[in-house]
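So the chains spell out like this:
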Amino acid sequence: MPSPGRWWTDEWEGRRHEALASYVRHIEEEQYDIFNGFHQDAWLYQQCRVLRAEGEWHEDAQSGAVTTNLAESLVDSLVAMVARHLVRITYPTDGADWSTQRQARRLERWNEAEFARTSYYDRRTEMFRDACVTGTGVLAFSQQEKLPTVERALIDEFIVDETTCRYGVPPWLQRRRLVDAEALADQFPKKADEIMQARLGSRIWTSYTRLRSDQIVLLEGWKLPSGGKPGKYVGAVPGVDLFDEKWTSSRYPFVFFRWSPKMTGFYGRGVVRQIAGKQLRINKLNYVLQRGQDLVARPRLFLAGKDAHLKPLIDNGIASTYVTTSGREYKFTTSEAFGPEIYQQRRELIAEAREEIGISESASSGTRPPGAASGIAIPPSRSIGGRT
């Protein structure tokens, strides 16, 4: 039996859906730590958890502790400082005649109009933010109604065997999406009945992925040309081949941007993962501080025995009231929960995380550096993005 990992070979013609589904599911199970890491990064960024792979977000109802979302603060600061720079394509026309210069200006205006039509700047910002959070941001390029389009894609949709791309560029690429079955049937009307029948199959894709009743798994695979032979572009759902085309381009129809490329492999490393240790430690310190403030630093009122009848009349829910026989007058006390060391460690962790990413405190908070005075002689203070 031919290997499912070679789904583009002639042996699988007519039943490529079997090879694609088997291969993609196997890689997802084998690389569970990678895909689970994407969900962990998303939780650290927005304090929410991905319940199922279809992308439903659920706020963590048990996160009652005071949190300092350093990951979100740093990522949003990077997006504001770096992704704010717009890209403009220009055509040098030094020494050219007037007709060529006018044509170049028209091309520049056409490019700007296309960027506006496709919302390219918005998609690029989303790609940069995704790279900061999950390590890799993706833009997908396609053609709809004979016009080029740019769409955001999520990195957890791309299934790549890390052992096949030691140098970062995979020779073949798979994309797995959970799509609406009826919408896909409308897109392929000749195979609509087969698609709707395939939807009735198992609702379990992997051991950690569940499908809704109206969803189906759409699989796409690209094999780049090699050895003078054209590549392959295949689309399928479990049980049905949707299309099988030649792929002649030497590139994939995607742009992958990585915040920090790893030494080997396809997937990148993001800002959230880079500061995850410090973020988790800060969360733990916040929890300890909150519990300590509630248990130790809570105000306490001690009443003398002769004033015991006043206790039911005191309705302050913050302070605790006690009756004692060791004193004649009431006594109000508040204890110190922690020494200054724990607060200092928390501040140092936040400062170290900012320094590790390359963002100054003034750039992150929008304030001037300490000691900076107004006037033309102010010393420059710069961080990532060139912001003072």
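This text gives an overview of the structure that appears in the document. Predicted model only: the values in this text are computed from it and were never measured. (Residues numbered from 1 in each chain as written. Predicted model: local features only at pLDDT ≥ 70, side-chain atom pairs only at ≥ 80, totals over all residues. Heavy atoms only, no water.)

### Some thoughts on the packing of helix H2 (residues 32-46) against helix H5 (residues 120-134)
H5 packs onto H2 with a crossing angle of 105° between their chain directions and a minimal axis gap of 9 Å. In terms of axis orientation, H2 runs roughly perpendicular to H5. Of H5, the residues touching H2 (which contributes Phe38, Asp41, Ala42 and Tyr45) are Arg129, Val133 and Thr134. Tallied by class, the residues present in the contact of H2 with H5 amount to four nonpolar, one polar and two charged. (Axes fitted to C-alpha atoms, helices over the stretch in contact; angles between N-to-C directions. Helix = DSSP H or I, 4+ residues; strand = E, 2+ residues; numbered from the N terminus. Parallel < 35°, antiparallel > 145°, perpendicular 65-115°, else oblique. Contact = heavy atoms within 4.5 Å. Nonpolar A, V, L, I, M, F, W, Y, C, P; charged D, E, K, R; others polar.)

### Quick word on the sheet that holds strand E9 (residues 215-223)
Taken in spatial order, the five strands line up as E5-E6-E9-E10-E11 in an open sheet, and their pairing is antiparallel. Every other strand in the sheet has two partners, leaving strand E5 (158-159) and strand E11 (240-247) as the edge strands with one partner each. (Pairing = 2+ DSSP bridges.)

### A short note on the pairing of E9
Within E9, nine of the nine residues are buried, which leaves it mostly tucked inside the rest of the structure. Judged by which residues are buried, E9 turns out to be covered on both faces: Gln215, Val217, Leu219, Gly221 and Lys223 on one side and Ile216, Leu218, Glu220 and Trp222 on the other are all buried. Where strand E6 (residues 172-180) and E9 come together, nine bridges link them in antiparallel fashion. Across the sheet, Val179 pairs through a bridge with Ile216, a residue of E9. In this sheet, strand E10 (residues 231-237) lies alongside E9 in antiparallel orientation, the contact comprising five bridges. Each bridged residue has a counterpart across the sheet, and for Trp222 the counterpart in E10 is Tyr233. (Buried < 20%, exposed > 50% of the residue type's maximum accessible area, 1.4 Å probe, protein only.)

### Things to note about the packing of aromatic side chains
Under the definition given, this model contains 21 aromatic pairs. Relative to Tyr233, the ring of Trp222 has its centre 4.9 Å away and its plane inclined at 15°; by these criteria the two rings are stacked. A residue pair is termed long-range when its members are at least 10 positions apart, and Trp222 in strand E9 and Tyr233 in strand E10 qualify at eleven residues. The buried category is assigned to Tyr233, whose relative accessible area is 15%. With a centroid separation of 5.1 Å and an interplanar angle of 85°, the aromatic rings of Trp222 and Phe254 are classed as edge-to-face. Of this pair, Trp222 sits in strand E9 while Phe254 is found in strand E12 (residues 254-258), placing the two residues 32 residues apart along the sequence. You'll find Trp222 and Phe254 in the same group, each marked buried. Among the aromatic side chains, those forming a connected cluster through ring pairs are Phe35, Phe38, Phe158, Phe188, Trp222, Tyr233, Phe243, Trp247, Phe254, Phe256, Phe266 and Tyr267. Lying across the ring of Trp205, Arg25 places its NZ or CZ 4.1 Å from the centre. Residue placement shows Lys223 over the ring face of Trp8; its charged tip is 5.4 Å from the ring centre. (Phe/Tyr/Trp six-rings, centres within 6.5 Å; stacked < 30°, edge-to-face > 60°. Lys NZ or Arg CZ within 6 Å of the ring centre and 35° of its normal.)

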